[in-house]
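Analysis of the macromolecular model
For reference, the chains in residue letters:
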Amino acid sequence: MKLSEAVRGVSGTLAADGEFSCIAFATEQEQSQFLTFLEKEKFLPALDNSKISCVLTTSALAEKIPPHIKGVFLCDRPKAALFEIHNRLARHPDYVGASAATVVGEGCSISPLAAIDRENVVIGDRVTIEPFVVKGRVIIGNDVTIRSGAVIGCKGFSFSKDTQGQNVSVEDTARIIIEDHVEIFEQVAISTGIFPWEETRIGENTKVDAQCFIAHGSHIGRNCLLANGSRCCGNSRVGDHVWVGVGAIVSNRVRVGDGARVSLGSVVTKEVPAGQTVSGNFAIDHQKFLSNLKKSLEE
């Protein structure tokens, strides 16, 4: 899509035209040729990302845009403009994908009290769905169990300020993918991503205990166990065979390696290497945590 077409109706000035294939934040590494925004100079280094092709920014920052970014649109509130464009595009199939009738596989047991959208949901074979909600663009694999009160496709907590500084809800357009043999317990909430490519994924044979929350764009690997009340914040990445303890929090955009263990109540704010156990707030290596605890008790 040409930048000049996307910004029609948006208050500002087109400094240079360019093309983009999707919208993302400047730190995105998996998408390419995308449109982003820059509102504050301190975030200028993020624009060194070679995958950015177009940017919305202010007149004061225009001359500092790296040369690899071909499309530049100048406006007073770049972030607000980005989500204005996104919200408009969210109504178009070319951006989010065409809608299709919901499909239910064979041998399923679905409660009549389950609320399932009539479009864009694909449910595999032998799926059990107790009273709850499935909405948005969702793909559910085979032999999945979703227990009472869970919400698959809840609205993401995503807002932008408009040009008057008021909070504006950002449309969610991504898919949720739940792979085979996943079990989701009571009152779990799984959130939808903002951008069409920003899928939320729960890997094969993972079990998610009651009252857990998995935020927009997060990927949970295979054979994971997420204990009661744990939280995986936006765009977090949890590897395979990971244990996340009761009430633990994995912060946004943090990676937890394969086979790692996050102890109960931990707050993980930095990458956890494969196989490591972490504890505490903020979480550190478990043995170091115990050593520090012992020293504090001796004092």
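Residue positions are given per chain, counting from 1 as you read along its sequence in written order. Residues qualify for local features only when their pLDDT is at least 70, as the model is predicted, and side-chain atom pairs are given and counted only at 80 or more; totals for whole chains, interfaces and linings, by contrast, use all residues. Hydrogens and water are ignored here; the side-chain numbers use all heavy atoms of the structure.

Description of the environment of Gly203
Position of Gly203 among the secondary structure elements: in the loop between β20 (200-202) and β21 (207-208). When the C-alpha positions of Gly203 and Gly141 are compared, they lie 9.9 Å apart, and in sequence the two are 62 residues distant. Residues count as neighbours in contact if any of their non-hydrogen atoms are within 4.5 Å of one another. Excluding residues that lie within four positions of it along the chain, Gly203 makes contacts with Glu179, Val182, Ile220, Gly221 and Arg222. What counts as a helix is a DSSP run of H or I of at least four residues, what counts as a strand is a run of E of at least two, and both are numbered from the N terminus.

Digging into the packing of aromatic side chains
Two descriptors summarise a pair of aromatic rings, namely the distance from one centre to the other and the angle between the planes of the rings. Classification of ring pairs rests on two measures: the distance between centres of Phe, Tyr or Trp rings, Trp counted by its six-membered ring, which must be within 6.5 Å, and the angle between planes, read as stacked under 30 degrees, edge-to-face over 60 and tilted in between. Applying the stated rule across the entire model yields five aromatic pairs. Taking 5.6 Å as the distance between ring centres and 70 degrees as the angle between the ring planes, the aromatic pair formed by Phe25 and Phe195 counts as edge-to-face. Of this pair, Phe25 sits in the loop between β2 (22-23) and β3 (34-38) while Phe195 sits in the loop between β19 (189-191) and β20, and the two are 170 residues apart along the sequence. Residue exposure (1.4 Å probe, protein chains only): buried if accessible area is under 20% of the type maximum, exposed if over 50%, otherwise partly exposed. Judged by relative accessible area, Phe195 falls into the buried class, the value being 1%. Aromatic side chains Phe157 and Phe159 sit 5.2 Å apart centroid to centroid with 80 degrees between the ring planes, which places their arrangement in the edge-to-face category. The ring of Phe185 carries the charged tip of Arg147 above its face, separated from the ring centre by 5.4 Å. Criterion for a charge above a ring: Lys NZ or Arg CZ within 6 Å of the ring centre, and within 35 degrees of the ring normal.

Digging into the sheet that holds strand β12 (residues 137-140)
At least two bridges found by DSSP between two strands are what make those strands a pair. Spatial ordering of the open sheet is given by β6-β9-β12-β17-β20-β23-β26-β29, a layout of eight strands whose pairing is parallel. Looking along the sheet, the strands with just one partner apiece sit at the ends: β6 (103-104) and β29 (255-256). Here strand β17 (residues 175-178) pairs with β20 via three bridges, running parallel. Its bridge partner being in β20, Ile177 is matched across the sheet by Arg201.

Concerning unusual backbone geometry
Cis peptide bonds are those with omega within 30 degrees of zero, and the linkage from Asn281 to Phe282 qualifies with 0 degrees. Counting through the fold element by element, Phe282 comes out in the loop between β32 (277-279) and β33 (284-285). A positive phi is found at Asn223, a non-glycine position, where the angle reads about 55 degrees. On the basis of relative accessible area, Asn223 is assigned to the partly exposed category, the value being 27%. If you check the backbone angles, Arg253 has positive phi at about 60 degrees while not being a glycine. Its place among the elements puts Arg253 in the loop between β28 (249-250) and β29.

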